[in-house]
Amino acid sequence: MNEMNWLAVYPQILLLAMTCVIALVDLFSTSPQRTLTYRLSLVTLAAVALLQLMYFQGGFTLYAMQGLMVADPMGHLLSFFATVAMFVTLVYARPYAADRDILKGELFTLALFALLGIHVMISANNFLVIYLGLELMSLSLYALVALRRDHAVSTEAAMKYFVLGALASGFLLYGMSMMYGATGSLDIQGVFAAITAGQVNAQVLVFGLVFIVAGLGFKLGVVPFHMWVPDVYHGAPTAVTLMIAGAPEFAAFAICIRLLVEGMIGLAIDWQQMLIVLSVGSLILGNVAAIAQTNLKRMLAYSAIGQLGFMLLGLTPTVISGNTFSAANGYSSAMFYIVTYVMTTLATFGVIMVMARQGFEAEDIADLKGLNQRSPMLAAVMGLCMFSLAGIPPTVGFYAKLAVLQSIVSTGVTGYIVLAVIAVLLSLIGAFYYLRIVKTMYFDEAESHVSLSSGPGEVRALLAFNGALVLGLGLMPGGLMTMCAEAIRLSLAG
């Protein structure tokens with residue numbers, strides 16, 4: 001491996017080395033607040049994020065480990081956002097974890113190992129490397145969900161997550177084995193070349209593709225593979241729920257692009273139709289089921305199902321009636337959507353964790369009654385997030401939805417225009433339960449008139465900045481949208 005090959009995996013090497021160092025430091029730490037471990041984790045994440053951003057600005061594409069890993073602009077940008085998401089999650093999580101006796105070394109170590117798995121998935125250029133990254137991320141998250149060992153609900157959620165996650169991994173692995181049997185290669189470029197050559201058994205390819213899409217559906221948590229999402233969101237400690245709802249979404253998006261677009265674009269006419277079914281099913285079930293929820297975390301779980309269904313719309317206009325179509329606009333819109341969705345999710349769960357206190361979980365919608373009277377700042381951030389998730393201007397969620405809808409309407413195909421209309425109508429249904437949160441915070445009488453703390457200084461500052469981004473990027477989305485479009489263009493061209 002030459003110097004340029006090593007350059008491609010420096011961020012992953014740095015993250016792995018520092019995770020091992022942090023684990024050793026924590027082994028000999030006696031501080032109940034894990035201050036040194038926490039600070040080292042944040043410094044590591046900041047360094048990795050800065051390195052990934054520098055790589056993205058370089059605009060290069062490199063291959064490492066005999067082509068098993070790829071460092072391209074899309075991978076750098078997604079890894080940067082995933083690292084920032086984990087940084088924000090740990091800042092929000094520390095006070096919450098300290099109140100629940102889960103502020104232990106394994107919280108930080110497992111979080112960093114999960115992030116390492118995310119980085120591996122994003123940068124993978126081989127089916128087995130994707131699977132190894134997926135398992136590293138998943139096993140870390142299973143353990144994190146069960147971190148409250150004496151909490152029955154968390155333990156039950158961890159068991160459900162483990163069993164269904166293993167099923168999803170099996171689907172994905174079986175689909176990959178079918179692809180290998182049909183094409184004779186595990187490298188993404190090798191699979192692409194074999195499919196393009198047209199010398200493989202089409203039935204075997206489509207059979208393998210079905211299992212791969214099913215595995216991706218499980219990891220995304222879309223219908224009909226969504227059954228784990230509400231239970232895990234509800235049962236996991238809120239800090240861990242955010243780790244599942246945040247950074248891993250970038251890895252799921254990345255492997256959709258790597259597998260379906262870079263590897264199996266020749267089968268687009270097949271996986272397109274599957275994604276449309278997953279998307280519409282998720283929009284219907286997610287938005288309708290969320291209306292009936294009284295638990296805030298379960299409502300956000302069904303909301304996530306609907307939001308990811310909307311994101312999948314951006315991946316569908318790849319091949320239109322046999323004509324060539326520039327799908328980069330759709331992919332970049334989907335990428336922009338997932339970035340803004342995770343940004344909004346971070347602030348939403350940040351508010352929930354700040355509201356929670358020793359012996360009390362702010363998990364029910366009723367717990368938000370009169371929040372504006374008790375903490376105007378928290379109510380303002382949560383309100384912005386709800387408007388964004390509902391797609392109401394001038395928040396960033398409106399522009400994200402508009403970008404995805406434009407990408408499918410611009411095809412001019414009647415079926416896609418109908419799909420866009422369905423998505424808009426179902427989003428209007430979703431607006432009901434988001435605006436119900438705003439109504440609860442601003443118009444319902446508070447059950448307690450004791451003022452509510454906005455958390456420690458660093459949490460309060462980050463939460464305010466997070467909320468400001470949700471509004472600011474809605475007013476000026478051009479910069480982020482350009483970054484996403486450039487990352488997709490350069491990566492697919494490379």
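See the structure above.
Presented here is an overview of the structure given in this document. (Residues numbered from 1 in each chain as written. Predicted model: local features only at pLDDT ≥ 70, side-chain atom pairs only at ≥ 80, totals over all residues. Heavy atoms only, no water.)

Some words on the packing of helix α4 (residues 73-99) against helix α11 (residues 238-245)
Put simply, the rule is: Whenever a helix is involved, its axis is fitted only over the stretch in contact; in every case the axis is a line through C-alpha atoms, and angles between N-to-C directions fall within 0 to 180 degrees. Numbering of helices and strands runs from the N terminus; a helix is a DSSP stretch of H or I covering at least four residues, while a strand is a stretch of E covering at least two. By definition in this entry, angles of less than 35 degrees are roughly parallel, angles greater than 145 are roughly antiparallel, angles of 65 to 115 are roughly perpendicular, and the rest are oblique. Residue contacts are counted whenever heavy atoms from the two residues lie within 4.5 Å of one another. Three categories are distinguished: nonpolar for Ala, Val, Leu, Ile, Met, Phe, Trp, Tyr, Cys and Pro, charged for Asp, Glu, Lys and Arg, and polar for the others, with Gly belonging to the last.
It is the contact of α4 with α11, at a shortest axis distance of 9 Å, that shows an interaxial angle of 170 degrees. Taken together, the axes of α4 and α11 are roughly antiparallel relative to one another. Side by side, α4 and α11 meet where Met 86, Thr 89, Leu 90, Tyr 92, Ala 93 and Tyr 96 of the first sit next to Thr 238, Ala 239, Leu 242 and Met 243 of the second. A class-by-class count of the residues in the contact of α4 with α11 yields 8 nonpolar, 2 polar and no charged.

Looking at the nonpolar core
As a rule of thumb, soluble globular proteins bury nonpolar side chains together. Where we set the bar: Nine residue types can take part in a nonpolar core, namely buried Ala, Val, Leu, Ile, Met, Phe, Trp, Tyr and Cys, and a core is a set of them joined through side-chain atoms within 4.5 Å. Only protein chains enter the calculation, and the probe is 1.4 Å; a residue is then buried if its accessible area is under 20% of its type maximum, exposed if over 50%, and partly exposed in between.
The biggest cluster of nonpolar side chains holds 180 residues, and the ones touching the most others in it are Phe 250, Met 264, Trp 271, Met 311 and Leu 315. Examining the composition of this core, we find that 18 residues originate from one element, helix α15 (residues 328-355), more than from any other. Those residues in contact with Phe 250, other than ones at most four positions away along the chain, are Leu 78, Phe 81, Ala 82, Ala 85, Ile 122, Ile 338, Val 339 and Val 342.

Things to note about a nonpolar patch on the surface
Note the cut-off: Residues qualify for a patch when their relative accessible area is over 30% and they have no salt bridge, like charges being joined within 9 Å and the nonpolar side chains of Val, Leu, Ile, Met, Phe, Trp and Tyr within 5 Å. The Shrake-Rupley method, run with a 1.4 Å probe, gives the accessible areas here. Residue values count only the displayed protein chains as cover. Think of a salt bridge as a Lys or Arg side-chain nitrogen and an Asp or Glu carboxyl oxygen that are within 4 Å of each other.
A grouping of Val 409, Ile 417, Val 421, Val 424, Leu 425 and Leu 428 is seen on the molecular surface, where their side chains present a nonpolar patch of about 490 Å² in accessible area. Relative to the assigned elements, Leu 425 resides in helix α19 (residues 414-443).

Section: the packing of aromatic side chains
Convention followed: In this scheme Phe, Tyr and Trp rings, the latter by its six-membered ring, pair at centre separations within 6.5 Å, and the angle between planes marks the pair as stacked below 30 degrees, edge-to-face above 60, and tilted otherwise. Geometrically, a lysine NZ or arginine CZ counts as sitting over a ring once it is within 6 Å of the ring centre and also within 35 degrees of the ring normal.
Within the structure shown, the criterion is met by 17 aromatic pairs. Between Phe 218 and Phe 225 the ring centres are 5.0 Å apart and the planes differ by 40 degrees, which places this aromatic pair in the tilted class. For Phe 218, a relative accessible area of 4% gives the class buried. For Phe 225, a relative accessible area of 15% translates into the label buried. Taken together, the aromatic side chains of Phe 171, Tyr 174, Phe 207, Phe 211, Phe 218 and Phe 225 make up a single cluster linked through ring pairs. Over the ring of Tyr 38 we find Arg 94; its NZ or CZ atom is 4.4 Å from the centre of that ring. In this structure, Lys 401 is placed above the aromatic ring of Phe 310, and the distance from its NZ or CZ to the ring centre is 5.2 Å.

Looking at the packing of helix α14 (residues 296-313) against helix α18 (residues 396-409)
Test applied: Crossings are assigned a handedness: left-handed for a near helix turned anticlockwise from the far helix by less than a right angle, right-handed for a clockwise turn.
Close contact between α14 and α18 brings their axes to 9 Å; oriented N to C, the two are set at 40 degrees. Between α14 and α18, the angle is such that the two are oblique. As for the relative orientation of α14 and α18, their crossing is left-handed in sense. Contact residues: Gln 307, Phe 310 and Leu 313 in α14; Lys 401, Val 404, Leu 405 and Ile 408 in α18. For the contact of α14 with α18, the class distribution of residues is 5 nonpolar, 1 polar and 1 charged.

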